[in-house]
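In case you want the letters, here they are:
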Amino acid sequence: MAPAATPGARIPARGGGDSSNKVYQDRQKPQEIRNSNMIAAKAVADAIRTSLGPRGMDKMIQDGKGEVTITNDGATILKQMNVLHPAAKMLVELSKAQDTEAGDGTTTVVVLAGAILEAAEKLLQKGLHPTQIAEGFRSAGLACQEMVRKELATPLDIKDIAMVQKCASTSLNSKVVSQQSSLLAPIAQEAVYRVIDQEHDTNVDLKDIKVTTVLGGTVEDTELMEGLLLRQRVCAGPKRIEKAKIGLIQFCISPPKTDMDMNIIINDYTQMDRVLKEERNYILNIVKKIKASGCNVLLIQKSILRDALNDLSQHFLDKLKILTIRDVEREDVEFVCKSLGCRPIASLDHFTAENLASAELVEEFSASGTKLVKINGTANPGRTVSILVRGSNKLVLHEAERSLHDALCVVRCLVKERGIIAGGGAPEIELSVRLYQKALELTGVDAYCYKAFSEALEVIPMTLAENAGMPAITTVTQLRKLHADGNKSAGLNIKKGAIANIMDDNVVQPSLITISAINLATEFVAAILKIDDIVNTVR
Ligand code: ADP
Ligand code: MG
C-alpha cells in the first residue's frame with residue numbers, strides 16, 4: 001500500500017526562499033504521515049469488513065508456496081495477509097491482541113478501529129488537534145466499557161450450562177462450520193469445564209486442552225476424548241495393553257554417537273563381532289532395566305541428535321512386549337506429563353517404578369486410516385482434555401480447528417468475566433445511543449469526540465446488515481429508534497433477516513469480547529493519531 005501524498009505539500013510557499021519552503025513542508029509532514037497511516041489502516045479494515053457476522057463472506061488466502069487457507073477469522077486473515085505499511089501492520093497486531101485477550105471478536109475489533117479512524121479523520125478536518133481527539137476518544141471508550149460492565153451485561157452463573165453453550169454457538173454461527181455448531185458448542189463448553197474449578201478459577205489455560213486434527217471423516221465425527229490422545233502410532237510391542245505402567249523417557253535407545261567425527265577402523269571379523277556385541281549389550285542393558293522397573297508402555301521424546309530407536313532396540317522391545325511410542329514432540333511432553341500425572345525421565349538411572357504413571361488401558365486405534373493412541377483411566381490424572389477434530393479435507397479441517405479455538409475462547413471469556421450481553425449489533429447501538437446522550441451534556445472538544453465515537457459504533461450493526469443483504473441505513477435507523485425507546489436488546493437477527501429481541505433469539509455473547517474490542521480499538525486509534533513521523537533506519 002503506497003503512502004498517499006497530499007498534493008499541496010510539494011508546492012513551494014509563495015515568495016519564500018529555500019528556508020521558508022522547508023518550514024512549510026515540515027509543517028505539512030505530520031499531517032501527511034497521519035493521512036497515509038489512516039488510509040493504509042482503513043484499507044485493511046475495509047478488506048475484512050465483509051467477513052463480519054453469520055452472513056459474512058469467507059476469505060481464501062493463498063501463500064507464496066501455493067498453500068490455500070479458507071477462513072472467516074479476522075486474526076487469521078490478517079496474520080496471513082502480507083501487509084507492508086507500518087500502520088497496517090499495527091492493525092494486524094491489534095487483531096492479534098484481541099485474539100490473546102478475548103479469542104473472539106477479531107473481525108469486530110478491526111472493523112471498529114476502521115470506523116473510529118474515519119471519525120478521527122473527520123474531526124481532524126474540522127481542525128481539532130490529534131492529541132485532543134485521542135484523549136476524547138479514550139474517555140468515550142472508557143465510558144463505553146463502564147456502561148457495558150455496569151449497565152448492559154447480565155451476570156452469568158457459570159453453572160448455567162445452556163447459556164454458556166449458547167454463547168459458544170453464537171461465535172460458531174459465523175464460521176464455515178456453522179452447521180455443526182450444535183455439536184461443537186457443547187464440546188467446547190464441556191472441555192473447558194473439565195479443566196477448571198468452577199467455583200474459584202478466573203482464567204483457563206487453553207494449553208490444557210489439546211486439539212488434535214485428523215484428516216478423514218467429517219466435522220460431525222469430532223469428539224471429546226476420554227483420557228489422553230497421542231497422534232503417534234505404536235512402533236514396537238503390542239498394540240493394546242491393559243493395566244499399563246507408562247514411562248516417558250527423554251533419552252534414546254540407540255548406540256551413542258561421538259561428539260566429533262571419528263572413524264573406527266576394523267580389520268578383521270573378530271573386531272567386528274566385538275563392536276556388534278558391545279552395541280547389543282548396551283541396548284539390551286537399557287531395555288532390560290526398563291522392563292525390570294515394571295514398565296510396559298514406553299513413550300520416547302523426539303530427538304534430533306540421533307535415532308530414538310534403532311532396529312535392534314525395536315526388536316528387543318517387541319520381544320519384551322513393551323508398547324513403544326516414539327517421537328513425542330518436545331512441546332507435548334508437559335501436557336502428557338500433566339495428563340498422566342508423571343514426570344519425564346531424563347536418564348536410565350532414574351528409570352524406577354515410582355517415576356512411572358499407571359493407566360487402565362493403552363490402545364492404538366484408527367481414525368479414517370490414521371493410527372492414533374489413546375490412554376484411558378489414568379490413576380492420578382491432572383486436569384487436561386483431548387479433542388479429536390475430523391474433517392473431510394484440509395481446508396475444512398483447519399477452519400474447524402480455528403473455529404473450535406474461538407468457541408473455547410468464548411467459554412474462557414465467560415470464566416474470566418462472568419457477564420453476557422446480546423449480540424447482533426444490539427450492544428453497539430445501545431452504547432451509541434447512550435453515548436450520544438452523554439455528548440449532549442458535555443461541552444467543548446469532548447462533546448465532538450463523544451458524538452463522533454457514538455456514530456462510529458454504528459458500524460457493527462451497519463456491517464452486519466450490509467453483509468446480510470438487509471437495507472443498512474433503514475435498519476440501523478430503526479434500531480436506533482427502538483433503543484432510544486428503551487428496547488435494550490433489540491438487534492439484528494441475521495438468520496431471520498429482521499430486527500428482533502436478540503436475547504430471546506439466543507444470540508448472546510460474553511461481555512468481555514465487546515469490552516476488549518472497544519478498549520483495543522480506541523487504544524489503536526489513539527496510537528495512530530499520535531504518530532507524526534515514520535523514520536526508517538538502515539541496518
Ligand atoms: P468476529 O471475528 O469479530 O467474532 P464474526 O464473524 O464472528 O466476527 O461476527 C461476530 C458478530 O456477529 C458479533 O457482533 C455477533 O453479535 C454477530 N452475530 C453472530 N451470530 C449472529 C446472529 N445469529 N444474528 C445476528 N448477529 C450475529
Ligand atoms: Mg466470532
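Calculation notes
- Residues numbered from 1 in each chain as written.
- Chains lettered and ligands numbered in written order.
- Predicted model: local features only at pLDDT ≥ 70, side-chain atom pairs only at ≥ 80, totals over all residues.
- Heavy atoms only, no water.
- UniProt positions renumbered as here; feature names shortened; annotations may be inferred.
- Phe/Tyr/Trp six-rings, centres within 6.5 Å; stacked < 30°, edge-to-face > 60°.
- Lys NZ or Arg CZ within 6 Å of the ring centre and 35° of its normal.
- Salt bridge = Lys/Arg side-chain N within 4 Å of Asp/Glu carboxyl O.
- Helix = DSSP H or I, 4+ residues; strand = E, 2+ residues; numbered from the N terminus.
- Buried < 20%, exposed > 50% of the residue type's maximum accessible area, 1.4 Å probe, protein only.
- Polar contact = N/O pair within 3.5 Å; in protein donor to acceptor, adjacent residues only side chain to side chain.
- Pairing = 2+ DSSP bridges.
- Axes fitted to C-alpha atoms, helices over the stretch in contact; angles between N-to-C directions.
- Contact = heavy atoms within 4.5 Å.

As recorded in an unreviewed UniProt entry, the protein goes by T-complex protein 1 subunit delta and comes from Orchesella cincta. Looking at the Sequence similarities (unreviewed entry) heading of the UniProt record, one finds this comment for the protein: "Belongs to the TCP-1 chaperonin family." Within the UniProt record for the protein, the comment given under Subcellular location (unreviewed entry) is "Cytoplasm".

## Some remarks on the packing of aromatic side chains
Taken as a whole and assessed by the stated rule, the structure comprises 1 aromatic pair. In this structure, R480 packs its charged tip against the face of Y436, placed 5.9 Å from the ring centre.

## Some details on the pattern of salt bridges
If charged atoms from side chains of opposite charge come close, those side chains can pair. Within the structure shown, the criterion is met by 24 salt bridges. Residue D332 pairs with K210 through a salt bridge whose shortest N-O separation is 3.6 Å. One end of the pair, D332, is in the loop between β10 (323-328) and α10 (333-340); the other, K210, is in strand β4 (residues 209-215), and 122 residues separate them in sequence. Several salt bridges converge on common partners, so that one network encompasses D73, K175 and D406.

## Looking at the side chain of Q98
Turning to its location among the elements, Q98 is positioned in helix α3 (residues 86-101). On the basis of relative accessibility, which here comes to 0%, the residue Q98 falls in the buried class. A polar atom in the side chain of Q98 sits 2.6 Å from the side chain of S516. Among the polar contacts listed, one links the side chain of Q98 to the backbone nitrogen of A517, at a separation of 3.4 Å.

## Quick word on the sheet that holds strand β9 (residues 297-301)
Strand order in the open sheet made by the 7 strands is β6-β12-β11-β8-β9-β10-β7, with mixed pairing throughout. Each edge of the open sheet carries a strand with a single partner, namely β6 (228-230) and β7 (234-236). The sheet shows a mean angle of 40 degrees between the axes of neighbouring strands, taken without regard to direction. The strands that helix α9 (residues 311-319) touches are β7, β9 and β10; relative to β7, the one it contacts most, it runs at about 95 degrees. Docked against the sheet, α10 engages β6, β8 (240-249), β9, β10, β11 (357-367) and β12 (370-378), running at close to 150 degrees with respect to β6.

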